[in-house]
Amino acid sequence: NAGVTQTPKFRVLKTGQSMTLLCAQDMNHEYMYWYRQDPGMGLRLIHYSVGEGTTAKGEVPDGYNVSRLKKQNFLLGLESAAPSQTSVYFCASSTPSGGRETQYFGPGTRLLVL
Amino acid sequence: EDKVVQSPLSLVVHEGDTVTLNCSYEVTNFRSLLWYKQEKKAPTFLFMLTSSGIEKKSGRLSSILDKKELFSILNITATQTGDSAIYLCAPNRSGAGNMLTFGGGTRLMVKP
């Protein structure tokens with residue numbers, strides 16, 4: 001099993017450009033998440049999904065959109081990138097386990113917006 | 001609003017030292033607390049704590065939760081250079097989605 005994978009690994013955008021980050025998991029997990037990580041601020045939740053076809057906002061959703069058309073994939077879109085969106089983006093997945101759930105993380109995507 | 005504070009922010013020790021990392025939290029509908037280790041890339045799971053006073057151990061790492069005082073500690077004994085990482089704590093809220101709230105992390109550097 002590959003676990004959680006993310007593409008691309010690194011990307012440079014100009015302000016105003018758009019892009020989509022792809023997350024894929026092969027563990028048949030119900031839940032998927034997108035986080036961003038900035039220096040000294042831990043991980044902040046952008047959007048999440050509790051199942052195929054459903055998404056919800058997290059702590060910092062502005063400027064991002066998501067879609068979960070297939071259970072194994074969770075896409076994060078930036079419609080008009082801004083320098084404030086320079087960050088490392090992590091995708092994660094988990095599944096209901098009677099209160100013993102853990103989240104499994106992908107390797108991250110480093111995004112630089114100029 | 002949920003709040004998770006980790007201390008210290010950073011720590012530099014020498015191999016063989018023992019370190020204690022702290023995590024205090026204020027989270028609605030608390031269910032459990034998770035510790036993660038983050039080296040260069042993805043956070044990797046260390047411990048899940050659900051009950052107060054029960055120590056979880058894995059080799060040189062151990063952790064304990066105090067649900068009354070709302071904190072957890074992570075101990076690392078006989079530190080090695082491979083322990084150098086950012087350590088993240090994350091309380092888990094009950095309800096759909098298995099939501100975690102992450103602290104800012106403690107950056108540990110272990111020198112030879």
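Above this note sits the structure.
The structure presented is a predicted model; accordingly, all values stated were derived computationally and were not measured.

(A) Up close: the packing of aromatic side chains. Evaluation of the coordinates by the stated rule reveals nine aromatic pairs over all chains. When the centroid spacing of 5.5 Å and the interplanar angle of 90° are considered together, the rings of Phe-105 of chain A and Tyr-36 of chain B count as edge-to-face. With Phe-105 of chain A in strand 10 (residues 104–105) and Tyr-36 of chain B in strand 4 (residues 30–38), the pair connects residues from two separate chains. Under the relative-accessibility criterion, Phe-105 of chain A is labelled buried at 9%. Geometrically, the ring pair formed by Tyr-25 of chain B and Phe-30 of chain B is stacked, given 4.7 Å between the ring centres and 15° between the ring planes. In textbook terms, an aromatic cluster arises when at least three aromatic residues are bridged by ring pairs, as seen for Tyr-33, Tyr-35 and Phe-105 of chain A together with Tyr-36, Phe-45 and Phe-102 of chain B.

(B) A look at the interface of chain A and chain B. Listed as interface residues are 21 residues of chain A and, on the opposing side, 21 residues of chain B. Between chain A and chain B, roughly 1700 Å² of surface is buried when both sides are summed, and carbon and sulfur atoms account for 59% of that area. It is Leu-43, Glu-101 and Phe-105 of chain A that lose the most area in chain A upon contact with chain B, and together they represent 25% of the buried surface on that side. Counting across the chain A and chain B interface gives zero salt bridges. Summed over the shared surface of chain A and chain B, the result is five residue pairs in polar contact (both at pLDDT 80 or more). Residue assignment for the side of chain A that touches chain B shows that the elements contributing at least two residues are strand 4 (31–37), strand 5 (43–51) and strand 9 (87–94) of chain A. Here the residues of the side of chain A that touches chain B sort into eleven nonpolar, eight polar and two charged.

(C) Quick peek at the state of the cysteines. Residues and elements named next belong to chain A. In this structure the tally under the stated criterion is two disulfides over all chains. Through a disulfide, Cys-23 is tied to Cys-91; the S-S separation comes to 1.9 Å. Because the sign of the S-S torsion sets the handedness, a value of about -75° for the bond joining Cys-23 and Cys-91 places this disulfide among the left-handed ones. Residue Cys-23 is found in strand 3 (residues 19–25), and its partner Cys-91 is found in strand 9; the two are separated by 68 residues along the sequence. Residue Cys-23 is classed as buried on the basis of its relative accessible area, which comes to 0%. The exposure class assigned to Cys-91 is buried, which follows from its relative accessible area of 0%.

Procedures and definitions
- Residues numbered from 1 in each chain as written.
- Chains lettered and ligands numbered in written order.
- Predicted model: local features only at pLDDT ≥ 70, side-chain atom pairs only at ≥ 80, totals over all residues.
- Heavy atoms only, no water.
- Phe/Tyr/Trp six-rings, centres within 6.5 Å; stacked < 30°, edge-to-face > 60°.
- Helix = DSSP H or I, 4+ residues; strand = E, 2+ residues; numbered from the N terminus.
- Buried < 20%, exposed > 50% of the residue type's maximum accessible area, 1.4 Å probe, protein only.
- Contact = heavy atoms within 4.5 Å.
- Buried area = accessible area lost by both parts, 1.4 Å probe.
- Salt bridge = Lys/Arg side-chain N within 4 Å of Asp/Glu carboxyl O.
- Polar contact = N/O pair within 3.5 Å; in protein donor to acceptor, adjacent residues only side chain to side chain.
- Nonpolar A, V, L, I, M, F, W, Y, C, P; charged D, E, K, R; others polar.
- Disulfide = S-S within 2.5 Å.

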